[in-house]
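Per-entry structural report
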Amino acid sequence: MKFKIPKRTHLLEGIAHLLVWLLFFTSINIDWSINWFNTENRIGPVAPLSAVVFFLFFYLNAFYLIPKYLKTRKWWTYGLALVLTCAAFEAIRLLLFYLFTRPDWQNSSAFFNELQSEDSLIVGRLNPLFVSLQFSLVYRFARDWIVNNVVIDRLQTEKLQMELSVLKAQVNPHFLFNSLNALDDLIDRDPSKAKTYLSKLSKIYRYTLTSMDEDVVPLSEELDFISDYIFLLEERFGGMYIFEKKVSEKSQDCFIPPASLQLLLENAVKHNYGSLSDPLRIMIDVSDTTVTVHHPKRLKKTDTSSIGKGLANIKKRFQFLSNQPMVVEDSLEQFSVSLPLMKSIGK
C-alpha cells in the first residue's frame, strides 16, 4: 500500500533542506573548512563544481538510485549505477579542466596525473562523491524509518476506527430496533418462522463479535453471514428487494475482510428504493478473484453522503490488506462495487 505524505510535511521537509544547504554551503567556505570555492588554489569553474556535484549526487542517490535499485534489492545494478554516475561527473570535471586550462594531454602521463589530482571528484582530497554518498544513504534510510513509523501508527489508528465503524454499522440501535419490530410482527403471524428469524439474528451478532479481531475471514463464512442478513432484510421488506447470488466453486478457498459484503448490501438497501410492484434486484457475483455487488440505481431522496463514508471505510481496509484495489463503477443507471478476493493476507 502506498502512503501519501501530507503537503504540510513536504513543505516542512523542503524548508529543512533549504536551511541545511545554506548552513552547508556557508560552512565549506570558512577558514577552517576545506574551502571548495577557493579559486586561488583551484581552477575557477572547477572550484565550485565539487559543491554542485555534492548537491546533485545527494538528491540523485537519495530519491532515485536508492528507491529504484537498493531498496528493491538490485545490489549489482545499484553498484553499477553508482560507478557510472561517478564516472560521468568526473568526466565533466576533466572536460571543464581541459576547456579552461588547455593542458598538454598528448602525453598520457599528464592525463593520469590530473585524474589522480586533489581536484578529482573520486580520489581527490575533497572527495565530494564519497561524502555525498554517505550523507544520502543516512538521510534516505532515516527518512524511510520515520515515514514507516508514521505509516504504522496511522494504519493502526485507521484499523481501529474501521473496526469501530463496522461494529456500529452492524450492532446499531436502528438495525436492532427494526429487527425486533419485524420479529414482534412475525411472532403473531408465523411463530415457527419467528424462531428461525431469532436464530439468524443471534448468529449475525455472534459473527459480528467473533470476527472483529480478524483481519480476514474465509469467504464461505462471510457468505453464510450474508445469507442470514438477507433473510432478515427479506422478512423486513417483503418482496421490495430481491437478492441473487452466483458463486464460483474456485472462490471457496479465498478470504475477505469481515462484514465488507454486509456493508455493501446495507448501502444498497439504505439508499435505493424498491417496491412490491417493482422490486430492486441486487446481484452478488462471486468469481475466482472478485466479489461484485451491483444493482440498478434508484436513489432515495435522502442524504447520500454516508454512501461515500461507507465505501471509503471499505477501501481503506483493502488498501491495508490487499495489493488489489476496490473498484467502484457509478453510472446513471447502475451502481457496482467489486472487492478483490485474497488467497492470503496482502495478496
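From a predicted model like this one, the values you see are computed outputs, not experimental measurements.

Comments concerning the overall build of the chain
Across its full length, the chain holds 10 helices and seven strands. In the chain, which comprises 347 residues, the proportion classed as buried is 39%. Of the roughly 20400 Å² that the chain leaves accessible, carbon and sulfur atoms contribute 61%.

Points about a negative patch on the surface
Among the surface-exposed residues, Asp213, Glu214, Glu221 and Asp224 lie close enough to one another that they form a single negatively charged patch. In this structure, glutamate 221 sits in helix α8 (residues 219-237). Note on glutamate 221: relative accessible area 40%, which makes it partly exposed.

Focus: the nonpolar core
Among the nonpolar cores identified, the biggest contains 48 residues, and Ile256, Leu261, Leu265, Ile282 and Leu339 are the most heavily contacted of them. It is α8 that provides the largest number of residues to this core, a total of 10 residues. Sequence-distant contacts of leucine 339, that is, excluding residues within four places in its chain, are made with Ile256, Ser260, Leu261, Leu264, Thr289, Thr290, Val291, Ile314, Phe318 and Met326. Among the nonpolar cores identified, the runner-up in size contains 13 residues, and Phe57, Leu65, Cys86 and Leu121 belong to it.

So, the sheet that holds strand β5 (residues 290-296)
The mixed open sheet is built from five strands, whose spatial order is β2-β4-β5-β7-β6. Each having just a single partner strand, β2 (241-247) and β6 (327-330) make up the two edges of the open sheet. Taken over all neighbouring pairs, the strand axes of this sheet differ in orientation by 10° on average, direction set aside. Of the strand pairs in this sheet, β5 and strand β7 (residues 334-340) are connected by seven bridges, and their pairing is antiparallel. Within the sheet, the bridge partner assigned to proline 296 lies in β7 and is glutamine 334.

Some thoughts on the packing of aromatic side chains
Two descriptors summarise a pair of aromatic rings, namely the distance from one centre to the other and the angle between the planes of the rings. In the structure shown here, the tally under the stated rule is nine aromatic pairs. Considering the side-chain rings of phenylalanine 58 and tyrosine 139, the 5.4 Å spacing of their centres and the 45° angle between planes classify their relative orientation as tilted. In this pair, phenylalanine 58 sits in helix α2 (residues 49-70) while tyrosine 139 sits in helix α5 (residues 128-170), placing the two residues 81 residues apart along the sequence. In this pair, the class of phenylalanine 58 matches that of tyrosine 139, namely buried. Ring centres of tyrosine 64 and tyrosine 69 lie 6.4 Å apart, and the angle between their planes is 90°; on these two criteria the pair is classed as edge-to-face. Overall, tyrosine 69 belongs to the buried group, its relative accessible area being 16%. In textbook terms, an aromatic cluster arises when at least three aromatic residues are bridged by ring pairs, as seen for Phe58, Tyr59, Phe63 and Tyr139. Sitting over the face of the ring of phenylalanine 231, lysine 200 holds its NZ or CZ atom 5.3 Å from the ring centroid.

Here we look at helix α9 (residues 260-271)
Three- or four-residue spacings in an α-helix give side chains the same orientation, since the helix completes a turn every 3.6 residues. The end-to-end C-alpha separation of α9 is 17 Å, in line with the 16 Å expected for 12 residues at 1.5 Å each. Most of α9 is tucked away, with 11 of its 12 residues classed as buried. Of all the positions in α9, only Ser260, Leu261, Gln262, Leu263, Leu264, Leu265, Glu266, Asn267, Ala268, Val269 and His271 are classed as buried.

Quick look at the confidence of the model for the chain
With 75% of its residues at a pLDDT of at least 70, the chain reaches an overall mean of 79. Across the chain, element-level confidence peaks in strand β4 (residues 280-286) with a mean pLDDT of 95 and bottoms out in helix α4 (residues 108-115) with 66. pLDDT under 50 marks residues 30-34. Its contacts with residues more than four places away, or in other chains, come to five contacts.

Reading the values: the criteria
Residues numbered from 1 in each chain as written. Predicted model: local features only at pLDDT ≥ 70, side-chain atom pairs only at ≥ 80, totals over all residues. Heavy atoms only, no water. Helix = DSSP H or I, 4+ residues; strand = E, 2+ residues; numbered from the N terminus. Buried < 20%, exposed > 50% of the residue type's maximum accessible area, 1.4 Å probe, protein only. Areas by Shrake-Rupley, 256 points an atom, 1.4 Å probe, with all protein chains shown as cover. Patch = residues over 30% accessible without salt bridge, like charges linked within 9 Å, V, L, I, M, F, W, Y side chains within 5 Å. Salt bridge = Lys/Arg side-chain N within 4 Å of Asp/Glu carboxyl O. Lys, Arg positive; Asp, Glu negative; His and termini not counted. Charge placed at Lys NZ, Arg CZ, Asp CG, Glu CD. Core = buried A, V, L, I, M, F, W, Y, C linked by side-chain atoms within 4.5 Å. Contact = heavy atoms within 4.5 Å. Pairing = 2+ DSSP bridges. Axes fitted to C-alpha atoms, helices over the stretch in contact; angles between N-to-C directions. Phe/Tyr/Trp six-rings, centres within 6.5 Å; stacked < 30°, edge-to-face > 60°. Lys NZ or Arg CZ within 6 Å of the ring centre and 35° of its normal. Expected span 1.5 Å × (residues − 1). pLDDT = per-residue confidence, 0-100.

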